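Examining the three-dimensional arrangement
Listed below are the residues making up each chain.
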Amino acid sequence: MLSRSDAAIAADFAGLRRTYDRDGRGAVAGAIARRAAARHHVDSVYLLADAAFAPLAGNLKAWPPELTGAAGWDTFTAPDWKPDAAERPTLRARFETLGGGEHLLVGTDISDLAMYARHIDMALAVGVTLFFVLAGVAGVSVTRRTVGRIESVNATSRAIMQRGLSERIPLRGTRDEWDQLAANLNQMLDRIEALVAEVKQVSDNVAHDLRTPLTRMRGRLEKAAGRARGAAEDQALINDTMTDLDGVLRMFASLTRISQIETSDRTAAFRAVNLAEIAREVVELFDAAAEDKGVRLTATGEERVLVTGDRDLLFDATANLVDNAIKHGRDAGRVSVQVTDGADGAAITVADDGPGIPEHELPHVFKRFYRLESSRRTPGNGLGLSLVAAVARLHGARIEMVDNAPGLRFRLQFPVAMEGDGAAGAENASGDSAPA
């Protein structure tokens, strides 16, 4: 706005200067008088003064003392300009000394512009002040909120250290990042609490399962130490003790095998194996145990069902399922092993007609040392299904347990084989007949 005002002053000054150069001082004085009297020049300021700054023409009564030098621009106030105004007007003018020694001043009233600039300055100052006030309030609010949520996490951490893993970080229902963090931490604590409880249960079960054989061994040794012994008694003592130690070693071997399956990468050694052949071999292996209990054990399904995996692990998993079905099925019952290959992929199903598993127990049967019989008197250590679950996870298989009405139907559903797997199976099928 100031630039536009200066441009208008410069144009007006140039016109009067040309008049002076062409027609002399009198013509300029007449032009100034006409312009000062014109309505559209009501805010314009003109003054033509002689070499001694005495006014010759114009609407200013005296040369402003602020304007010094031969030529230039300046802003000043004139007490005699609009004396009735509430505030002393602010004027901006261009001045120059003419060729004849006269001094020419052309300007305009910029009081409105100055007031507008003051309003802008005031608004800017108020806006900046308000911005800093709001920024300070927001900063304090965010800081208090952040510190409060952090303190909530710290308080929960201290409570966990003092009272246990049952404590949880409270949620405020805002669904913001802090609530998401608290929810994730709570889920992590749930998982840790479950793992700790599982470790405790495993420790208790290990202690229980070890106590029985160790107690028997100590009892035998104590009885043997208190009476005379012969060769036959010593041999019986040694045999019984070795049997109990073998049971303990089998338990630790099962634990080690499960840990190896879960922690090591055995997928590099995967190859195509025939599930139907594994099922037939398992049935042959447990045929005698089934006859002892009067159980009818059969294998049905397709002759050739190829999957990619570890043959030994798949054999062990199938053997554990069949062993469980024979042990926990009914006497003189029926156990079937079926191998199928459908659109969903290959599957192996072991079904029995025993009492089955209560529905509320199904989520727990894969835990290590978990047994439906709380007294733990029957043979076994509760690691068979844990090994099956570990093998299934390694092979990407899905585990399904459904009611067989009566009994239980346990199904391992393998993922659909890729085309390359089929080719590999064709190349390796002849090598899959080695016994486990």
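Residues numbered from 1 in each chain as written. Predicted model: local features only at pLDDT ≥ 70, side-chain atom pairs only at ≥ 80, totals over all residues. Heavy atoms only, no water.

**A look at the packing of aromatic side chains**
A complete count under the given rule lists three aromatic pairs for this structure. Ring geometry for W63 versus F95: centroids 6.4 Å apart, planes at 90°, classification edge-to-face. Of this pair, W63 sits in the loop between β2 (55–58) and β3 (71–77) while F95 sits in strand β4 (residues 90–97), placing them 32 residues apart in sequence. On the numbers, 5.6 Å between centres and 75° between planes, the contact of F131 with F132 is edge-to-face. Comparing F131 with F132 shows no difference in burial state: the two are exposed. (Phe/Tyr/Trp six-rings, centres within 6.5 Å; stacked < 30°, edge-to-face > 60°. Helix = DSSP H or I, 4+ residues; strand = E, 2+ residues; numbered from the N terminus. Buried < 20%, exposed > 50% of the residue type's maximum accessible area, 1.4 Å probe, protein only.)

**With respect to unusual backbone geometry**
Cis rather than trans, the peptide bond between A405 and P406 has omega equal to 0°. The topology assignment puts P406 in the loop between β11 (398–403) and β12 (408–413). Within the chain, A405 stands out as a residue other than glycine whose phi angle is a positive 50°.

**Structural notes on a nonpolar patch on the surface**
A cluster of nonpolar residues, L124, V128, F131 and F132, forms a patch on the protein surface that exposes about 440 Å² of accessible area. Topologically, L124 is positioned in helix α3 (residues 111–163). Given the relative accessible area of 53%, L124 is considered exposed. (Patch = residues over 30% accessible without salt bridge, like charges linked within 9 Å, V, L, I, M, F, W, Y side chains within 5 Å. Areas by Shrake-Rupley, 256 points an atom, 1.4 Å probe, with all protein chains shown as cover. Salt bridge = Lys/Arg side-chain N within 4 Å of Asp/Glu carboxyl O.)

**Overview of helix α2 (residues 25–37)**
Under the 1.5 Å per step criterion, the end-to-end length of α2 is 19 Å for 13 residues, consistent within 8% with the ideal 18 Å. Looking only at α2, the buried set comprises V28, A31 and I32. Across the axial projection of α2, the buried residues extend over an arc of 100°, all falling on one side. Counted as exposed and oriented over 90 degrees from the buried face of α2: G26, R34 and A37. (Expected span 1.5 Å × (residues − 1). Arc of directions from axis to C-beta.)

**Side note on the packing of helix α6 (residues 275–285) against helix α8 (residues 311–328)**
Where α6 meets α8, the axes come as close as 10 Å, and the angle between the chain directions of the two elements is 50°. Taken together, the axes of α6 and α8 lie oblique to each other. Pair α6 / α8 crosses with right-handed handedness. Contact with α6, carried on its side by L275, E277, I278, E281, V282 and L285, involves R311, L314, F315, T318, A319 and V322 of α8 and no other residues of that element. Classifying every residue of the contact of α6 with α8 by side-chain character gives eight nonpolar, one polar and three charged. (Axes fitted to C-alpha atoms, helices over the stretch in contact; angles between N-to-C directions. Parallel < 35°, antiparallel > 145°, perpendicular 65-115°, else oblique. Left-handed = near helix turned anticlockwise from the far one by under 90°. Contact = heavy atoms within 4.5 Å. Nonpolar A, V, L, I, M, F, W, Y, C, P; charged D, E, K, R; others polar.)

**Focus on helix α9 (residues 384–395)**
Taking 1.5 Å as the rise per residue, α9 with 12 residues should run 16 Å; its terminal C-alpha atoms sit 17 Å apart, in good agreement. The element α9 is extensively covered by neighbouring structure, given that 11 of its 12 residues are classed as buried. Of the positions making up α9, those classed as buried are G384, L385, S386, L387, V388, A389, A390, V391, A392, L394 and H395. Positive backbone phi, approximately 70°, marks G396, located one or two places after α9.

**Overview of the pattern of salt bridges**
All chains considered together, the criterion is met by 20 salt bridges. Note that D176 is salt-bridged to R145, the shortest N-O span being 2.0 Å. Residue D176 is located in the loop between α3 and α4 (177–225), and its partner R145 is located in helix α3; the two are separated by 31 residues in the primary sequence. For R145, a relative accessible area of 38% puts it in the partly exposed group. Residue R280 pairs with E303 through a salt bridge whose shortest N-O separation is 3.4 Å. A residue pair is termed long-range when its members are at least 10 positions apart, and R280 in helix α6 and E303 in the loop between β7 (296–301) and β8 (306–309) qualify at 23 residues. With relative accessibility at 58%, the residue E303 sits in the exposed group. The structure contains a network of salt bridges with shared partners spanning R17, D21, R94 and E96.

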